[in-house]
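Listed here are the chains, written in short residue letters.
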Amino acid sequence: MSFSKKIGDLTEEIMEKVLMDQVKKDGGIPNHIGIITDGNRRFERENGMDQNTGHVRGKEKLEEVLEWSMEIG
């Protein structure tokens, strides 16, 4: 892993913690959310990916959002 990748990962972790703390502090946690998954085909087409890659990346992002939701409560 390159140095710039490590810095990028650390920056992302710090920003995620800052945002999580702010959401918890402000108390604006919704009781429910709605997610519309759209744009996977467009994303893969614009980025020269095969047909399944955009859907897999969308699924991974959805899992990440669900993990964030569970962390927040």
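Use the structure listed above.
Residues numbered from 1 in each chain as written. Predicted model: local features only at pLDDT ≥ 70, side-chain atom pairs only at ≥ 80, totals over all residues. Heavy atoms only, no water.

Moving on to helix H3 (residues 53–72). Across its 20 residues, H3 extends 29 Å between first and last C-alpha, which sits within 8% of the 28 Å expected from 1.5 Å per residue. Taken from the residues just after H3, Gly73 is the one with a positive phi, measuring 100°. (Helix = DSSP H or I, 4+ residues; strand = E, 2+ residues; numbered from the N terminus. Expected span 1.5 Å × (residues − 1).)

The subject of this paragraph is the side chain of Glu44. Structurally, Glu44 can be placed in helix H2 (residues 40–46). Those residues in contact with Glu44 that lie beyond four places of it in its chain are Met49, Asp50, Gln51, Asn52, Thr53, Gly54 and His55. (Contact = heavy atoms within 4.5 Å.)

In total, this model carries three salt bridges according to the counting rule given. Close ionic contact of Glu63 with Lys59 constitutes a salt bridge, the shortest N to O distance being 3.1 Å. Of this pair, Glu63 and Lys59 both sit in helix H3, four residues apart, which is roughly one turn of that helix. With its nearest N and O atoms 2.9 Å apart, the salt bridge here joins Glu64 to Lys61. Here Glu64 pairs with Lys61, and both are found in helix H3, just three residues apart, close to one helical turn. Here Glu64 falls in the partly exposed class, since its relative accessible area comes to 23%. (Salt bridge = Lys/Arg side-chain N within 4 Å of Asp/Glu carboxyl O. Buried < 20%, exposed > 50% of the residue type's maximum accessible area, 1.4 Å probe, protein only.)

Just geometry here; none of it tells us what the structure is for.
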